[in-house]
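Inside the fold
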Amino acid sequence: MDSIEDFESIQVLHQYQYGLLISKVMFTASELGVFDLLLESGEPLSSGAIAERLGTSPSGMERLLEACVGLKFLRMERKENRSLYGNSALADLYLAKSSPKSQYNFMNLLSENLYPSAQYLTDAVREGTEQLESIYGASSKNCFEVLYRSDERLYRFSRAMDDVWSLCGKEVVSAFDLSNFPLICDVGGAAGTLAKECISLHPNSTAIVFDLPEVVESLKKDPAFSQESWMTFQTGDFFKDPVPEADLYILARILHSWNDEKCIQLLTKLHKACKPGGGVLVVELVLDEDKCGPPEAHLYSMLMLLHNKGKERTSSEYQALFTAAGFKEMQLKKGTLYDTLMGRK
Ligand SMILES: C[S@@+](CC[C@H](N)C(=O)[O-])C[C@H]1O[C@@H](n2cnc3c(N)ncnc32)[C@H](O)[C@@H]1O
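Reading the values: the criteria
- Residues numbered from 1 in each chain as written.
- Predicted model: local features only at pLDDT ≥ 70, side-chain atom pairs only at ≥ 80, totals over all residues.
- Heavy atoms only, no water.
- UniProt positions renumbered as here; feature names shortened; annotations may be inferred.
- Helix = DSSP H or I, 4+ residues; strand = E, 2+ residues; numbered from the N terminus.
- Buried < 20%, exposed > 50% of the residue type's maximum accessible area, 1.4 Å probe, protein only.
- Lys, Arg positive; Asp, Glu negative; His and termini not counted.
- Salt bridge = Lys/Arg side-chain N within 4 Å of Asp/Glu carboxyl O.
- Contact = heavy atoms within 4.5 Å.
- Pairing = 2+ DSSP bridges.
- Axes fitted to C-alpha atoms, helices over the stretch in contact; angles between N-to-C directions.

Naming follows an unreviewed UniProt entry, where the protein chain appears as Acetylserotonin O-methyltransferase of Pogona vitticeps. In UniProt, the protein chain has this text filed under Function (unreviewed entry): "Catalyzes the transfer of a methyl group onto N-acetylserotonin, producing melatonin (N-acetyl-5-methoxytryptamine)." As its UniProt record puts it under Pathway (unreviewed entry), the protein chain is described as follows: "Aromatic compound metabolism; melatonin biosynthesis; melatonin from serotonin: step 1/2."

**So, the side chain of aspartate 186**
With respect to the secondary-structure elements, aspartate 186 resides in strand 4 (residues 183-187). Despite its burial, aspartate 186 pairs with no opposite charge; the closest candidate is arginine 253, at 9.2 Å N-O. Discounting chain neighbours no more than four positions away, the residues touching aspartate 186 are Leu194, Ala195, Ile208, Val209, Phe210 and Ile250.

**Re the UniProt feature "domain: O-methyltransferase C-terminal" (unreviewed entry) in the protein chain**
Sequence positions flagged by UniProt for "domain: O-methyltransferase C-terminal" (unreviewed entry) are, in local numbering, residues 119-328. Measuring from the first to the last C-alpha atom of residues 119-328 gives 42 Å, for a span that is 44% helix and 16% strand.

**Digging into the sheet that holds strand 9 (residues 329-333)**
Pairing is mixed in the open sheet, where seven strands are placed in the order 6-5-4-7-8-10-9. With partners counted over all chains shown, the strands left at the sheet margins are strand 6 (231-235) and strand 9, one partner each. Averaged over all pairs of adjacent strands, the angle between strand axes in this sheet comes to 20 degrees, irrespective of strand direction. In this sheet, strand 10 (residues 339-344) lies alongside strand 9 in antiparallel orientation, the contact comprising five bridges. The partner of glutamine 331 across the bridge, within strand 10, is methionine 342. Against the sheet, helix 17 (residues 315-325) touches strand 8 (274-284), strand 9 and strand 10, its axis set at about 150 degrees to strand 9.

As structure tokens, this is what we get:
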């Protein structure tokens, strides 16, 4: 190796080359229940005991556990000449299903749906358009139509979307002072998880969750669904139907799914429906102005290219959408994971 620069470049090269396989090792251990078993057992276990309890081959499990130690998902200790495995802090907190901050559902969506769909990324870039037919084997106007063809698919998507709010929901709803908005409408709010975060911070406010009729009807049948007394559901298509009047509209991970024209159409509708002094709170991964980062926003933008007609945007691109829809001012608050933009009427 010629220089330290070569060494660093090769390290980055390897990290990226193997990125998919690193994720897959984590997803496989998660799917087989390794992290759950180790959290429940409360003590480190041998590879043989883990394989027996989870019904896998001893040799395959040993190989998987060793890889998880190498990747720091697990830790290993030697006792009486045996290797014993336990969860790392990261696995206890985020990978085990029973943890309140578990990202299990989102990992499942990545593993079973989003990563396999990435095989069509080259086609999406060549053609500049989403690849719904190749991904889902069905022609469709948008990915929501396909996702919502079965209750099970819908539950899984909705739970996966909710996982991130256990990490940063509180941060997102406290980025701006929302105490002066007594009536909040979470537009495309699915099961209302972010609305719940909002109301737990502002218990004197009430919330309406607005989503497609088939989504709300189906989510209400999900055993994981719970409806609070301060929360009502209103159904409709936000492009075609009237939206309820409110003081504040939340648009979390909505605008990134649509092109500029559709975003302006939706924001204009909300501007008209918004009470004077009200506003819109947009929650998205905002790209840096020079579009050189953050990497998460770029990766999501690739997913939007594959699955939707949308993209991630910079703050000034959001400002242009807000202005075109009639909003007076817009402010951005950067967050740890998700960023928040507030437009005022
Ligand atoms: C990516 S999910 C975001 C859910 C939630 N806002 C969040 O961030 O956790 C997009 C949501 O928009 C809803 N949606 C999509 N198209 C819609 C439409 N035309 N009218 C109403 N809701 C729609 C979907 O059903 C879904 O719940």
